[in-house]
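If you want the building blocks of each chain, they are given just below.
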Amino acid sequence: MDFIARMRVLAETVLVTPRLRLEPLTPAHAPELFDGLRAPALYAFIPQEPPASLDHVLARFERISRRGPADGSAVWLNWAFRTEEHYCGLFEATALADGTVDIAYFVFLPDQRQGLAREAGAAVMAALWADADTQVIGASLDTRNEASAKLLESLGFTRVAVTENADFFGGMASDEYRYECRR
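Residues numbered from 1 in each chain as written. Predicted model: local features only at pLDDT ≥ 70, side-chain atom pairs only at ≥ 80, totals over all residues. Heavy atoms only, no water.

Re the nonpolar core
Counting residues in each nonpolar core, the largest one holds 38 residues, and the members touching the most others are Leu-77, Phe-81, Ile-103 and Phe-157. Among the secondary structure elements, those contributing two or more residues to this core are helix 1 (3-11), strand 3 (74-82), strand 4 (87-96), strand 5 (100-107), helix 4 (116-129), strand 6 (136-142), helix 5 (146-154) and strand 8 (172-182). With near-sequence residues (within four places) excluded, Phe-81 lies in contact with Leu-20, Arg-21, Leu-22, Tyr-87, Cys-88, Gly-89, Leu-90, Phe-91, Phe-106, Val-107, Leu-116 and Ala-120. Core analysis: the next-biggest nonpolar cluster, separate from the first, contains 16 residues, Tyr-43, Val-57, Leu-90 and Phe-106 among them. (Core = buried A, V, L, I, M, F, W, Y, C linked by side-chain atoms within 4.5 Å. Buried < 20%, exposed > 50% of the residue type's maximum accessible area, 1.4 Å probe, protein only. Helix = DSSP H or I, 4+ residues; strand = E, 2+ residues; numbered from the N terminus. Contact = heavy atoms within 4.5 Å.)

Okay, structure coming up:
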């Protein structure tokens, strides 16, 4: 089984930590996650807007639940993570055949600054590193997103690049940091 095939298996795997359960994302998660995803503050550092409707989230999750593009060039690993009481956010990874994986995450506002993203991130990274063909785990973020930079650094990532004017949203240009963790 090649790397892409193994990542497809991982994309369907539940991950468990002391406080969290990371469930492979499906359209059935949309109603439970919709309110958390609507918080405008979550979009301060990314060129997206909060979802306009539950139908929008359902459609997005339906696409994501295919676990990758039709050409098979990548695998989308997406988890909804939760405590025993409620869903706290999303953790996402995109794996390419060359062993490169990029991650991203959303932590809902009431659950921020509790170490949950770090715990979820450590679980995802451990699962990715368990595959010997994973070579690089990377993340890109707006340079103004200090909390995300601190999170990545706490997970062992190193800043490797800065891209000026990487994007334009919210009426202004956005610079971007690239972080990586290498095998």
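Considering unusual backbone geometry
Although it is not a glycine, Arg-67 sits at a positive phi angle of roughly 70 degrees. Examined against the element boundaries, Arg-67 turns out to sit in the loop between helix 3 (54-64) and strand 3. Backbone geometry places Asn-165, a non-glycine residue, at a positive phi of 50 degrees. Summarising the element assignment, Asn-165 is placed in strand 7 (residues 158-169).

A look at the packing of aromatic side chains
All chains considered together, the criterion is met by three aromatic pairs. Where Tyr-177 meets Tyr-179, the ring centres are 6.2 Å apart and the plane angle is 90 degrees; that geometry is what we call edge-to-face. Directly above the ring of Trp-76 sits Arg-63, whose terminal nitrogen or CZ lies 5.4 Å from the centroid. The aromatic ring of Tyr-177 is capped on one face by Arg-159, whose charged end is 3.7 Å from the ring centroid. (Phe/Tyr/Trp six-rings, centres within 6.5 Å; stacked < 30°, edge-to-face > 60°. Lys NZ or Arg CZ within 6 Å of the ring centre and 35° of its normal.)

Description of the side chain of Glu-180
Among the structural elements, Glu-180 can be located in strand 8. Classification of Glu-180 as buried rests on a relative accessible area of 15%. Excluding residues that lie within four positions of it along the chain, Glu-180 makes contacts with Val-136, Ile-137, Gly-138, Gly-156, Phe-157, Thr-158 and Val-160.

Description of the pairing of strand 8
As judged from the seven bridges shared by strand 6 and strand 8, these two strands associate in the antiparallel manner. If you follow Ser-140 over to strand 8, its bridge partner there is Arg-178. For strand 7 and strand 8, the ladder comprises eight bridges, and the chain directions are antiparallel. Within strand 8, the position partnered with Val-162 by the bridge is Tyr-177. Hairpin connection, strand 7 to strand 8: the antiparallel pair is bridged by two residues, and Gly-170 has positive phi, about 60 degrees. (Pairing = 2+ DSSP bridges.)

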